[in-house]
Amino acid sequence: MITNEAVRESVATYLAFLNAAAPAEQALTDEVEYAAPVGVLTGPAALIDFRDQFRDHFDAVAVRALEDPETHHDRARLRWELTVGGNRFAAGTDVITVAGDGRVAAVTTFLDQAPEGFDPDAHH
């Protein structure tokens, strides 16, 4: 069984992946699933592409934890904010499932503060 401390370390690695300029596939399982209002992505390459497209579209993108993640068993609840150019762009909560080897196996994203003009019904 994976410990809460190991899950917290995996969340830190996931945040580093989101903020990295270069791919860091080792943070993710080969079958990782990312489910968000914009759609469902599967596999590290899909998440890297999604992250890179967002970074290419905006300058100075950063994702940071708003508080320490809450953990139990192999799961974490991460409250985060995404900033663009130092200004809050969006905020949300991710439920992250961590595999036994410490890599992220699944992420379900909920938007607590959607980007201005975002239409959640346009992405279903």
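Fair warning: this is a prediction, and the values are worked out from it, not measured in the lab.

Draft legend 1. Representation of unusual backbone geometry. Backbone geometry places H73, a non-glycine residue, at a positive phi of 50 degrees. Positionally, H73 belongs in the loop between β4 (70-72) and β5 (75-84).

Draft legend 2. Summary view of the pairing of strand β6 (residues 87-98). Bridge count for β5 against β6 is 10 bridges, and the pairing is antiparallel. Of the residues in β6, the one forming a bridge with E81 is A91. The pairing of β6 with strand β7 (residues 104-113) spans 8 bridges and is classified as antiparallel. Across the sheet, residue A91 finds its bridge partner in β7, namely Q113. Taken together, β6 and the strand that follows it, β7, pair antiparallel across an intervening segment of 5 residues, in which G102 is found at a positive phi of about 90 degrees.

Draft legend 3. Quick peek at the nonpolar core. Formed by 26 residues in total, the largest nonpolar core has its most connected members in Y14, F17, L28, I96 and V104. When residues of this core are assigned to their parent elements, the largest contribution, 6 residues, is made by helix α1 (residues 4-19).

Draft legend 4. Inspection of the packing of α1 against helix α2 (residues 44-57) at higher detail. Interhelical geometry of α1 versus α2 gives an angle of 50 degrees and a closest axis separation of 9 Å. When the interaxial angle is binned, α1 and α2 end up oblique. Across the interface between the two elements, F17, L18 and N19 of α1 pack against L47, I48, R51 and R55 of α2. Residue classes in the contact of α1 with α2 are distributed as 4 nonpolar, 1 polar and 2 charged.

Draft legend 5. Representation of the environment of V95. Its location among the elements puts V95 in strand β6. You can call V95 partly exposed: its relative accessible area is 32%. Once residues within four sequence positions are removed from consideration, V95 is found in contact with A76, A106, V107, T108 and F110.

About the thresholds
- Residues numbered from 1 in each chain as written.
- Predicted model: local features only at pLDDT ≥ 70, side-chain atom pairs only at ≥ 80, totals over all residues.
- Heavy atoms only, no water.
- Helix = DSSP H or I, 4+ residues; strand = E, 2+ residues; numbered from the N terminus.
- Pairing = 2+ DSSP bridges.
- Core = buried A, V, L, I, M, F, W, Y, C linked by side-chain atoms within 4.5 Å.
- Buried < 20%, exposed > 50% of the residue type's maximum accessible area, 1.4 Å probe, protein only.
- Axes fitted to C-alpha atoms, helices over the stretch in contact; angles between N-to-C directions.
- Parallel < 35°, antiparallel > 145°, perpendicular 65-115°, else oblique.
- Contact = heavy atoms within 4.5 Å.
- Nonpolar A, V, L, I, M, F, W, Y, C, P; charged D, E, K, R; others polar.

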